[in-house]
Amino acid sequence: MSEKYWQYRTCKNCGFEEQRENEKLVAAFESTRKWESMCPNCGVKNVERAGWAIPDLDSELLRVWGKDESLQFDQQDEDILLAEEDNIELLLNGVDSKELLHSKRSTLLAALCVLVYDHTPEGDEEDPDVKPEISAKVTAELKDRMHLFNELDTVYISEYIKEVVYPRLGIPLANM
Ligand SMILES: [Zn+2]
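Residues numbered from 1 in each chain as written. Predicted model: local features only at pLDDT ≥ 70, side-chain atom pairs only at ≥ 80, totals over all residues. Heavy atoms only, no water.

**Thoughts on the sheet that holds strand β2 (residues 17–22)**
- With antiparallel pairing, the three strands of this open sheet are ordered in space as β2-β1-β3. Each edge of the open sheet is held by one strand with a lone partner, namely β2 and β3 (47–52). Ignoring which end each strand starts from, the neighbouring axes of this sheet average 15 degrees apart.
- Judged from the five bridges that link them, strand β1 (residues 5–11) and β3 form a sheet pairing that is antiparallel. Looking at the pairing, C11 lines up with V47 of β3. (Pairing = 2+ DSSP bridges. Helix = DSSP H or I, 4+ residues; strand = E, 2+ residues; numbered from the N terminus. Axes fitted to C-alpha atoms, helices over the stretch in contact; angles between N-to-C directions.)

Dropping the structure here:
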């Protein structure tokens, strides 16, 4: 049996609490986990609180997402959501894959840049969440793929990320 992912919502109108379980491919994407039905208790749809579990990224999710323009893991900051240490190999495989859509590969390139940014220490501050070895590893991987910065769409990379990451890659900031 495949793993299920919980989701809940609480009705603002009557306080009714609902829970359901989603399959991985439903739980992963913003549009598929949308809960549109009316409250079964009062017949109104007015959500006070809602929450949901999100599956970890895997190669299946990456492939499904990467080939479908309409699917998003999250409407906002998808690059930041994807920028997890555990995802590095998946992100690299995806950004290299000609099977995936240009826009999705561009998002993956942005996520890799977020990883470099997140793990680049600021000043002398010791932050246990900042791992310079992660930044170094991803920087080296990106340096092997400099053509992607011409090939893909770099508008997905936020300016504040570029300011830190581009100098590390040897890309002149004037080219931003
Ligand atoms: Zn209700």
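**Focus: a negative patch on the surface**
- Together, E122, D124, E125, E126, D127 and D129 make up a region of like negative charge exposed at the surface.
- Within the secondary structure layout, D124 lies in the loop between α5 (102–118) and α6 (132–143). (Patch = residues over 30% accessible without salt bridge, like charges linked within 9 Å, V, L, I, M, F, W, Y side chains within 5 Å. Areas by Shrake-Rupley, 256 points an atom, 1.4 Å probe, with all protein chains shown as cover. Salt bridge = Lys/Arg side-chain N within 4 Å of Asp/Glu carboxyl O. Lys, Arg positive; Asp, Glu negative; His and termini not counted. Charge placed at Lys NZ, Arg CZ, Asp CG, Glu CD.)

**Quick notes on the coordination of the zinc ion**
- Listed as protein donors to the zinc ion are C11 (SG), C14 (SG), C39 (SG) and C42 (SG); their distances from the metal cover 2.3 to 2.4 Å.
- Note that the zinc ion binds four donor atoms; their angles at the metal cover 106 to 112 degrees, and the shape is tetrahedral.
- Donor residues for the zinc ion sit on one chain with the sequence pattern C-x2-C-x24-C-x2-C.
- Looking at C11, the relative accessible area reads 5%, which means it is buried. (Donors = N, O, S within 2.8 Å, 3.2 Å for Na, K, Ca; no water. Tetrahedral: all angles 85-135°; square planar, octahedral: opposite > 155°, others 65-115°. Buried < 20%, exposed > 50% of the residue type's maximum accessible area, 1.4 Å probe, protein only.)

**Here we look at the domain arrangement of the protein**
- Assigned domains within the protein: domain 1 (5–52) and domain 2 (59–175).
- Here the C-alpha centroids of domain 1 and domain 2 sit 32 Å apart.
- Counting residues at the interface gives eight residues for domain 1, matched by 10 residues for domain 2.
- Carbon and sulfur atoms make up 59% of the surface buried where domain 1 meets domain 2, a total of about 770 Å² over both sides.
- Applying the counting criterion to the domain 1 and domain 2 interface returns four residue pairs in polar contact (both at pLDDT 80 or more).
- Here the side of domain 1 that touches domain 2 is built from residues that sort into three nonpolar, two polar and three charged. (Domains from an automatic or database assignment. Contact = heavy atoms within 4.5 Å. Buried area = accessible area lost by both parts, 1.4 Å probe. Polar contact = N/O pair within 3.5 Å; in protein donor to acceptor, adjacent residues only side chain to side chain. Nonpolar A, V, L, I, M, F, W, Y, C, P; charged D, E, K, R; others polar.)

**Notes on the side chain of N22**
- Residue placement: N22 occurs in strand β2.
- Owing to a relative accessible area of 6%, N22 belongs among the buried residues under this scheme.
- At a separation of 2.9 Å, a polar atom in the side chain of N22 contacts the side chain of Q7.
- For N22, the contacting residues outside a window of four places in its chain are E3, K4, Y5, Q7, A27 and R33.

**So, the nonpolar core**
- The biggest cluster of nonpolar side chains holds 37 residues, and the ones touching the most others in it are L142 and F149.
- Broken down by secondary-structure element, the contributors of at least two residues to this core are α2 (59–66), α4 (88–96), α5, α6, α7 (148–151) and α8 (159–169).
- Leave out the neighbours within four places in its chain, and L142 touches L109, L112, C113, V116, F149 and L169. (Core = buried A, V, L, I, M, F, W, Y, C linked by side-chain atoms within 4.5 Å.)

**Things to note about unusual backbone geometry**
- The phi torsion at D77 lies on the positive side, around 55 degrees, for a residue other than glycine.
- Within the secondary structure, D77 sits in the loop between α2 and α3 (78–82).
- When its relative accessible area of 49% is taken as the criterion, D77 is described as partly exposed.

**Structural notes on the environment of L112**
- Relative to the helices and strands, L112 is located in helix α5.
- Residue L112 is classed as buried on the basis of its relative accessible area, which comes to 0%.
- Through-space distance from the C-alpha of L112 to that of T32 is 26 Å; in sequence the pair is 80 residues apart.
- Sequence-distant contacts of L112, defined by excluding residues within four places in its chain, comprise L91, L92, V95, V138 and L142.

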